[in-house]
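Residues per chain, in single letters:
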Amino acid sequence: MSQTATAESPLAAQMAMGPIGEIVSLSGDKAIVLLDHVSGSETDIRARVEIGALMRIETPFSQTIALVCAMSVPAPAENRGDKEFRILELELVGELLTNAANGRRYFRRGVSIYPSLGDVVEPASHEDLELVYAVKHPAAIPIGAIKQDGSIPAMLRVDDLLSKHFAILGATGTGKSCSVALMLRARLDRNPDSHMVVLDPHNEYAESFGEKAERVTPTDLFLPYWMFTFEEILKVLLGGDADRTREIEILREIIPEAKRKYRSGASRIREQAVAKAGGAATAAQLSADTPSPYRISDVVSLLDERMGRLDAQRDLSPYKNLIARLESLTSDPRYAFMFGGVTVEDSMVEVLSRLFRIPVDGKPITTIDLTGVPSEIVNVVVSVLARTAFDLAVWSDGATPVLLVCEEAHRYAPSDASLGFEPTKRAISRIAKEGRKYGVSLCIVSQRPSELDPTMLSQCNTIFALRMSNETDQEIVRAAVSDTANGLLEFLPALGNGEAIAFGEGVMLPVQLRFARLPASAVPGKNAARISERWRENAMTREGLSDIVSRWRSQRRASKT
């Protein structure tokens, strides 16, 4: 991907220009450069240096690499053609050194040999930029090209990217989903035995990974209710109504009892096999949170039994309400992914195997289409998935590293404490804070960083910021980055589609880059409705409308092949 700069390219012009000025002020990691005198009418390379460009400072023992973070003209020329002072502000970010053993030059973050007043400054050459940005490492993957020289690949250091979480932020239509798909595809090409899970709230990624993806659709999603924690199942049954204290107390007693009843009904051979494997709790250890099977029919019968033992004067409404709600949910086709099936079986191994690709079996990534999940419990389902990913990592001692991609993360972990579902926020936050110890990585994708829980962003050590017009969102991103990238962030409102400013552990230096293009067949959301085309086709018929009404009433979405 690396090429030599052509004589006509802007980079070649920079290289040919040589020194453009000298250092006139130094303070810590900052330097002020006075450009060679130019007139207000000249438009050579001195006038075309851009914020974010890399400069090279020659010292007697090394070459210091600095990032242009600001530019100014303290005393503009009064008349066109008059000489004027032009100043660059630089941030010292690293140095190019020579290996004494083999004579090869290499780049190192940080500065050990500082430049001095009068040292000359020139644009970094093509070779310099390659040493800085084109990371040569087996785990590094190319995702596009740097803006300063389009022939040099923008590389990601995958281990640093995944071990410390990352975020992809930008307004709608700027290319966030394409960026996610690009990064994941690049990783899958290098490591076909990965374990990745994409929470897909809009069914955008169905075709992005081809045959390498296990596609979990609304029609074949299976997440049994008994894998839910007590808080999660309460949200499903009671809608999170904290005022229904009596119902909560009843369920806290009955659910463990239903689990013990299911366990006692299992065959002696099965009990012995499970106990020998050490994979299940004993009856005494069962709680409302233990992911152990139980039957809804047993819960209903226990509720009936308790009602029968109560005095007629006692209020029976909590029991009747719970029975009615359970019967409603188990007959609702929208909840079939939780309550479906004629019999209840201990299928936890099968569920985890499919969701987290254990074994991989040629499909290292799972895309979970959440469009068919009832909107009132989407956050509950995300809570179950995030919590399960973390628990699996903990109980396996990190044997199976997992990357969880959380699209529209501000919906599940909002900054407003009164919004969302607290267990969901807690589950995602736990991955953000503790996941790296157990091999669980988090990718946060959001179009509204200002609405995202600040804890999430603070735990992301690599951030890709695409175009943002909202000032509040921009301020949130600025607060999350080091001073080195602050100058680059001034470009956020003007970035083109597919362009981003990347900074953090996953890249060598803060950089403005353009993502590579995805194949047309892999672009997320490529089947999204285009209103003008749909109007032009005018394909809806009365028979088609009748079919829609039928699916509407049965709560079954059309399957897409």
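So, here is what we can say about the structure in this document. Fair warning: this is a prediction, and the values are worked out from it, not measured in the lab.

1. A closer look at the overall build of the protein
Then step 1. Secondary structure summary: the protein contains 20 helices and 20 strands in total.
Then step 2. When each of the 561 residues of the protein is scored for burial, the buried share is 48%.
Then step 3. Nonlocal contacts in the protein, meaning residues at least 24 apart in sequence, comprise 71% of its contacts between residues at least 6 apart.
Then step 4. Roughly 27300 Å² of accessible area belongs to the protein as shown, and the carbon and sulfur atoms make up 50% of that amount.

2. A word on the pairing of strand 5 (residues 63-72)
Then step 1. Of all 10 residues in strand 5, 8 are buried, a share of seventy percent or more.
Then step 2. For strand 4 (residues 54-58) and strand 5, the ladder comprises 5 bridges, and the chain directions are antiparallel. Considered in strand 5, the bridge of Met-55 is made with Ala-66.
Then step 3. Hairpin geometry of strand 4 and strand 5 is characterised by an intervening segment of 4 residues between the two adjacent antiparallel strands.
Then step 4. Here strand 5 runs beside strand 7 (residues 87-98); their pairing, made up of 9 bridges, is antiparallel. Considered in strand 7, the bridge of Val-68 is made with Leu-90.

3. Remarks on the pattern of salt bridges
Then step 1. Overall, the coordinates contain 35 salt bridges when judged by the stated rule.
Then step 2. Put simply, Lys-147 and Glu-50 hold a salt bridge, and the shortest N to O gap is 3.2 Å. Highlighted residues: Lys-147 in the loop between strand 10 (140-146) and strand 11 (153-157) and Glu-50 in the loop between helix 2 (45-48) and strand 4, separated in sequence by 97 residues.
Then step 3. Among the residues examined, Lys-147 registers a relative accessible area of 44% and is labelled partly exposed.
Then step 4. The partner of Glu-95 in a salt bridge is Arg-108, with the nearest N and O atoms 2.6 Å apart. Separated by 13 residues along the polypeptide, Glu-95 in strand 7 and Arg-108 in strand 8 (residues 105-109) bring together distant segments of the chain.
Then step 5. Overall, the relative accessible area of 0% leaves Glu-95 in the buried class.
Then step 6. Connected via shared salt-bridge partners are Arg-56, Glu-58, Arg-105, Glu-122, Glu-127 and Asp-128.

4. A look at the side chain of Arg-478
Then step 1. Its place among the elements puts Arg-478 in helix 17 (residues 471-480).
Then step 2. Judged by relative accessible area, Arg-478 falls into the buried class, the value being 17%.
Then step 3. Apart from residues no more than four positions distant in its own chain, Arg-478 is found in contact with Glu-471, Asn-486, Leu-489 and Glu-490.

5. A short note on the packing of aromatic side chains
Then step 1. A complete count under the given rule lists 5 aromatic pairs for this structure.
Then step 2. Relative to Tyr-438, the ring of Phe-390 has its centre 5.6 Å away and its plane inclined at 80°; by these criteria the two rings are edge-to-face. Here Phe-390 is found in helix 13 (residues 378-395), whereas its partner Tyr-438 is found in helix 15 (residues 422-438), with 48 residues between them in sequence.
Then step 3. Note on Phe-390: relative accessible area 1%, which makes it buried.
Then step 4. By relative accessible area, which is 26% here, Tyr-438 ends up partly exposed.
Then step 5. Aromatic ring contacts, followed pair by pair, group Tyr-225, Tyr-294 and Phe-339 into a single cluster.

Conventions and cut-offs
- Residues numbered from 1 in each chain as written.
- Predicted model: local features only at pLDDT ≥ 70, side-chain atom pairs only at ≥ 80, totals over all residues.
- Heavy atoms only, no water.
- Helix = DSSP H or I, 4+ residues; strand = E, 2+ residues; numbered from the N terminus.
- Buried < 20%, exposed > 50% of the residue type's maximum accessible area, 1.4 Å probe, protein only.
- Contact = heavy atoms within 4.5 Å.
- Areas by Shrake-Rupley, 256 points an atom, 1.4 Å probe, with all protein chains shown as cover.
- Pairing = 2+ DSSP bridges.
- Salt bridge = Lys/Arg side-chain N within 4 Å of Asp/Glu carboxyl O.
- Phe/Tyr/Trp six-rings, centres within 6.5 Å; stacked < 30°, edge-to-face > 60°.

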